[in-house]
Every structure is written in C-alpha cells, then in structure tokens.
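Descriptive analysis of the structure
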Amino acid sequence: MKPKCLLALSAITFACGICRAQTASGPIAEDFKPSTYNQPGQDYPQVNSQGYARFRINAPQSDSIKVSLGLGGRGGTRLTKGADGVWTGTTEGPMDEGFHYYHLTIDGGVFNDPGTLNFYGSTRWESGIEIPAHDQDFYALKDVPHGNVQQILFPSKSTNTSRRAFVYTPPGYEKDKSKKYPVLYLQHGWGEDETAWSNQGHANLIMDNLIASGKIQPFIIVMTYGMTNGLRPGPNALRSFKIDPFQTVLTDELIPYVDAGFRTKADKAHRAMAGLSMGGMETHMITLNKPNLFAYYALLSGGIYTPDELKDKTKPKLIFISCGSKERPEGVKSAVETLKGAGYNAVSYVSENTAHEFLTWRRSLYELAPLLFKE
C-alpha cells in the first residue's frame with residue numbers, strides 16, 4: 001500500500017545530487033544495478049548494495065522532477081537536471097528492503113516512471129522498485145514444482161455484476177483429481193486490488209517454496225477485490241466504510257463458487273481468512289460476524305483481537321497477528337499475550353526493520369502458512 005493511504009506511513013526525503021550524496025558513515029557505494037522490476041532494456045531505476053535507489057529521467061523540457069521515494073519527510077527525492085536534459089538523483093538514505101510503490105511529479109503533474117513496471121496501489125497503477133532483501137530466498141523464483149494462479153469470474157447477485165478473483169492452486173492439483181484442499185481467503189490492502197498478493201506479495205512463490213521444502217501441507221489461496229462499496233480515495237474515506245457489501249460477496253457468493261468449482265475441503269475446519277492493513281480490518285469484522293465459517297484468523301498490520309469481542313463465539317483454532325518492527329509491535333505482542341491468557345491459541349510475529357510495506361507482509365505469510373490447517 002502507498003504511504004498516503006490508510007495506515008501506511010512512509011518516509012520521503014530530499015536527495016542530494018549523485019556525485020555529492022553520502023551516507024552517514026561514508027560515500028555511497030557505486031555498485032548500482034538495475035532494479036529487478038525494470039522494463040525490458042531499461043537501466044534505471046537502479047539499486048545499490050546499501051539499499052539506495054537512483055533515478056534517471058530524460059525530460060529536457062521539464063523544469064522540476066521529484067520522485068516520491070526517499071527519507072525524512074522532506075518532499076521525496078528531487079532530481080537534478082544535467083546539460084543534456086537528463087534528470088538524475090539518488091535517495092538521501094537507504095530504503096527499507098523489499099517492494100516500494102512510487103511515482104514522479106514532473107512540473108506539478110503525477111506520472112509513472114517509464115523505466116519500470118507498474119503495480120496497482122493507492123487506487124492507481126504506480127511504479128514499483130525492489131530493494132533486495134537479505135532474506136529474499138523464501139520468495140525467490142526457484143527450480144521447484146510450481147502451482148498455478150488463475151483468474152476466475154464469479155457471478156455476484158448482490159452487486160449485479162461479475163466479479164474477479166485469483167486462485168492459487170498448489171503443485172500437483174491437476175494430477176490427483178481425488179485430493180481435496182483447505183482454503184485461505186487472503187485480502188489486499190487499501191487502494192490495492194486482487195492482483196497485489198501475487199504481483200507485489202509473491203504469495204504463489206512463497207507457497208511453492210514452502211511446499212517444496214516440506215514445511216507446509218498444500219492449500220488453495222483465494223484473492224479477491226475488497227473495495228465492494230465503491231469508496232473514493234481520501235484521508236477520511238474509511239469513515240463511511242461498511243463491511244456488509246463485501247461480506248455478502250465473500251461469504252454468500254465467492255466461497256460457495258470456489259467450493260463448487262475447486263476441490264476444497266468445504267468446512268470451517270479447513271477454511272482460513274487473512275488480510276493486510278485494510279484487508280486485516282475486513283478479516284477482523286467478517287470473522288467476528290461469521291465465526292462458523294473460518295477456523296483460522298490472521299491480521300497482518302491490520303489491528304488486533306481482544307478476548308471480549310471473541311467471547312461467546314466459536315473459538316478459532318489459531319489467531320495470528322503481525323506487523324513490522326517500525327509499526328507498533330508492542331501492541332501486537334501485548335494483544336497476543338492477553339489472548340493467550342484468555343485461553344486462545346494466538347501467535348505474534350514482528351518483521352524486523354520493516355514498516356507498513358510488502359516485505360512485512362511477505363514475511364508474515366511465510367510465518368503464517370506453516371501454522372494453518374494442522375490436523
């Protein structure tokens with residue numbers, strides 16, 4: 001999710017020119033390489049071994065260019081125009097590891113970087129950059145058996161339209177026609193859509209690698225669009241958010257459609273719901289409203305549960321709550337200890353050195369998946 005959206009806190013900075021930029025402890029390492037998300041044949045943006053990002057934009061007629069990435073809240077990374085009309089700049093400090101959305105502001109207008117791929121976030125397609133993480137192996141593309149992510153279009157009488165979801169089926173799903181699988185319903189965050197968990201989150205690769213290593217039993221993941229009631233973007237938009245429309249789509253329309261079209265274990269004991277940020281808020285509301293549908297609950301930077309709101313409801317098999325260490329980890333840990341004291345199987349996870357961003361949620365899924373559907 002984007003910094004300007006719900007719950008997302010970003011660091012933005014003013015950047016020095018390429019030649020003068022330095023770290024607190026010395027000069028920037030000149031070992032920059034193209035980001036893994038660059039368009040074919042494009043050399044910029046680039047990332048170095050320290051986590052700095054460098055940008056280059058050819059815009060000779062422009063008067064100012066700023067990149068929405070950086071540190072310190074000083075307006076992003078301002079690029080400097082060269083004699084050849086090419087604008088360059090480097091972030092003032094290293095970025096958090098993992099994926100980041102960004103855009104360019106050119107003479108007051110907002111544009112995407114033509115050098116990199118686009119990802120849906122902040123209710124628009126944004127540029128994306130990947131700062132290599134020291135633990136990126138768990139979501140790397142490897143030579144292991146791979147599952148399949150397929151698009152489905154399901155009828156929704158409540159919204160009078162067809163709606164879209166993406167379904168991950170694990171390796172081997174097509175071969176053994178007799179085997180049935182548990183299902184995780186996995187929600188995106190504010191301003192994102194049903195593509196986020198596959199494109200930005202690498203959920204399919206995380207699952208493939210976990211299955212190949214024997215750390216989890218295979219299960220299906222279903223990802224659908226959660227902005228059912230058509231909210232417009234804005235700082236106060238969620239004040240008018242109501243869960244009922246999306247809850248109807250998910251519980252009355254999508255789940256029956258998936259159970260009818262895929263080989264699922266169609267009962268509460270084999271059904272989980274999780275979400276990041278706003279998707280966690282949706283998970284929180286729906287699992288409390290429909291406790292007989294899901295046995296596993298997971299909030300990823302998406303709030304907490306309390307014993308009071310869970311009492312007199314069917315007890316879940318697992319409550320998983322996570323966040324980044326730069327968010328509010330004390331609240332997550334305290335909530336889980338309180339839940340444990342009240343007799344719930346609760347687990348907390350804190351992603352080190354990350355904030356409200358996708359590396360937090362990639363790591364959270366990696367930690368959550370082995371805890372699901374234990375017989």
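Let me begin by describing the structure that accompanies this report. Note that the coordinates shown come from a computational prediction; the quantities given were computed from them, not determined experimentally.

1. What to know about the overall build of the protein chain
When you go through the protein chain residue by residue, the secondary structure sums to seven helices and 22 strands. Here the protein chain, with 375 residues, has 54% of them falling under the buried criterion. A separation threshold of at least 6 residues defines the contact pool for the protein chain, and within that pool the share at least 24 residues apart is 68%. Summing over all exposed atoms, the protein chain offers an accessible surface of approximately 16,400 Å²; the carbon and sulfur share of this is 50%.

2. Quick word on the sheet that holds strand 9 (residues 86-90)
The five strands lie next to each other as 3-4-5-9-8, forming an open sheet whose pairing is antiparallel. Each edge of the sheet is formed by a strand with only one pairing partner; in this case those strands are strand 3 (33-34) and strand 8 (80-81). In the sheet, strand 5 (residues 53-58) pairs with strand 9 via five bridges, with the strands oriented antiparallel. Bridge pairing links N58 to V86 in strand 9.

3. Quick word on the environment of A83
Turning to its location among the elements, A83 is positioned in the loop between strand 8 and strand 9. Taking the relative accessible area as the measure of exposure, A83 reaches 93% and is therefore exposed.

4. Considerations on the nonpolar core
Membership of the largest hydrophobic core comes to 40 residues, with the highest contact counts inside it found for L184, L186, W197, M207, F219, I221 and L372. If you count residues domain by domain, this core takes at least three from each of domain 1 (33-132) and domain 2 (137-371). Residues contacting L184, with those up to four places away along its chain left out, are F219, I220, I221, V222, A272, M273, A274, L365, L372 and F373. V183, Y297, Y305 and L310 belong to the second largest nonpolar core, which has 35 residues in total.

5. With respect to the packing of aromatic side chains
In this structure the tally under the stated criterion is 18 aromatic pairs. Residues Y173 and Y181 carry aromatic rings whose centres are separated by 5.5 Å and whose planes lie at 40° to one another, so their mutual orientation is tilted. The exposure classification of Y173 matches that of Y181, with both residues buried. Put simply, the rings of Y37, F99, Y101, F119, W197, F358 and W361 pair up and form one aromatic cluster.

6. What about the pairing of strand 17 (residues 183-187)?
Of all five residues making up strand 17, five are buried, and the element is well covered by its neighbours. Neither face of strand 17 is exposed, since V183, Y185 and Q187 on one face and L184 and L186 on the opposite face are all buried. Pairing analysis gives three bridges linking strand 17 to strand 18 (residues 220-224), with the strands arranged parallel. Bridging across to strand 18, L184 finds its partner in I221. Here strand 17 runs beside strand 19 (residues 271-276); their pairing, made up of five bridges, is parallel. Counted as the bridge partner of Y185 is M273 from strand 19.

7. What to know about helix 6 (residues 329-341)
When the terminal C-alpha atoms of helix 6 are compared, their 18 Å separation across 13 residues agrees well with the 18 Å that a helix rising 1.5 Å per residue should span. Those residues of helix 6 that sit buried are P329, V332, A335, V336 and L339. Projected down its long axis, helix 6 carries its buried residues within an arc of 130°, all on one side. For helix 6, the exposed residues set more than 90 degrees away from the buried face come down to E330, E337 and G341. For helix 6, the elements touching its buried residues are helix 5 (307-310), strand 21 (318-324) and strand 22 (346-351). Looking one or two residues beyond helix 6, the residue adopting positive phi is G343, at roughly 95°.

8. A look at the packing of helix 2 (residues 203-212) against helix 7 (residues 358-368)
A pair of packed helices is captured by two measures, namely the crossing angle of their axes and the spacing between those axes. Running from N to C, helix 2 and helix 7 cross one another at 35°; their axes reach a closest spacing of 10 Å. Every pair of crossing elements has a handedness; the one defined by helix 2 and helix 7 is right-handed. Facing A203, I206 and L210 of helix 2, the residues of helix 7 in contact are R362, L365 and Y366. Along the lines of polarity and charge, the residues of the contact of helix 2 with helix 7 split into five nonpolar, no polar and one charged.

9. Observations concerning the pattern of salt bridges
The tally for this structure, following the rule as stated, stands at eleven salt bridges. Measuring nitrogen to oxygen at the nearest pair gives 3.0 Å for the salt bridge that ties E30 to R54. A residue pair is termed long-range when its members are at least 10 positions apart, and E30 in the loop between strand 2 (26-27) and strand 3 and R54 in strand 5 qualify at 24 residues. Residue classification places E30 among the exposed residues on the basis of a relative accessible area of 57%. Put simply, E97, D135 and R363 are held in one network by salt bridges that share partners.

10. A word on the environment of I211
Here I211 shows up in helix 2. Classification of I211 as buried rests on a relative accessible area of 18%. Residues I211 and G147, spaced 64 residues apart in sequence, show a C-alpha to C-alpha distance of 9.8 Å. Those residues in contact with I211 that sit more than four places away from it in its chain are Y168, P170, P171, I216 and P218.

11. Some words on the sheet that holds strand 15 (residues 148-156)
Read across the sheet, eight strands follow the order 15-16-18-17-19-20-21-22 without closing on themselves; strand pairing throughout is mixed. The sheet terminates laterally at strand 15 and strand 22, the two strands that pair on one side only. Here the average twist between neighbouring strands, direction ignored, is 20°. Sheet strands touched by helix 3 (residues 244-261): strand 15, strand 16 (161-169), strand 17, strand 18 and strand 19. Its angle to strand 15, the strand with the most contacts, is close to 120°. Across the sheet, helix 4 (residues 278-289) touches strand 17, strand 19 and strand 20 (296-300), and the angle it forms with strand 19 is around 145°.

Conventions adopted
Residues numbered from 1 in each chain as written. Predicted model: local features only at pLDDT ≥ 70, side-chain atom pairs only at ≥ 80, totals over all residues. Heavy atoms only, no water. Helix = DSSP H or I, 4+ residues; strand = E, 2+ residues; numbered from the N terminus. Buried < 20%, exposed > 50% of the residue type's maximum accessible area, 1.4 Å probe, protein only. Contact = heavy atoms within 4.5 Å. Areas by Shrake-Rupley, 256 points an atom, 1.4 Å probe, with all protein chains shown as cover. Pairing = 2+ DSSP bridges. Core = buried A, V, L, I, M, F, W, Y, C linked by side-chain atoms within 4.5 Å. Domains from an automatic or database assignment. Phe/Tyr/Trp six-rings, centres within 6.5 Å; stacked < 30°, edge-to-face > 60°. Expected span 1.5 Å × (residues − 1). Arc of directions from axis to C-beta. Axes fitted to C-alpha atoms, helices over the stretch in contact; angles between N-to-C directions. Left-handed = near helix turned anticlockwise from the far one by under 90°. Nonpolar A, V, L, I, M, F, W, Y, C, P; charged D, E, K, R; others polar. Salt bridge = Lys/Arg side-chain N within 4 Å of Asp/Glu carboxyl O.

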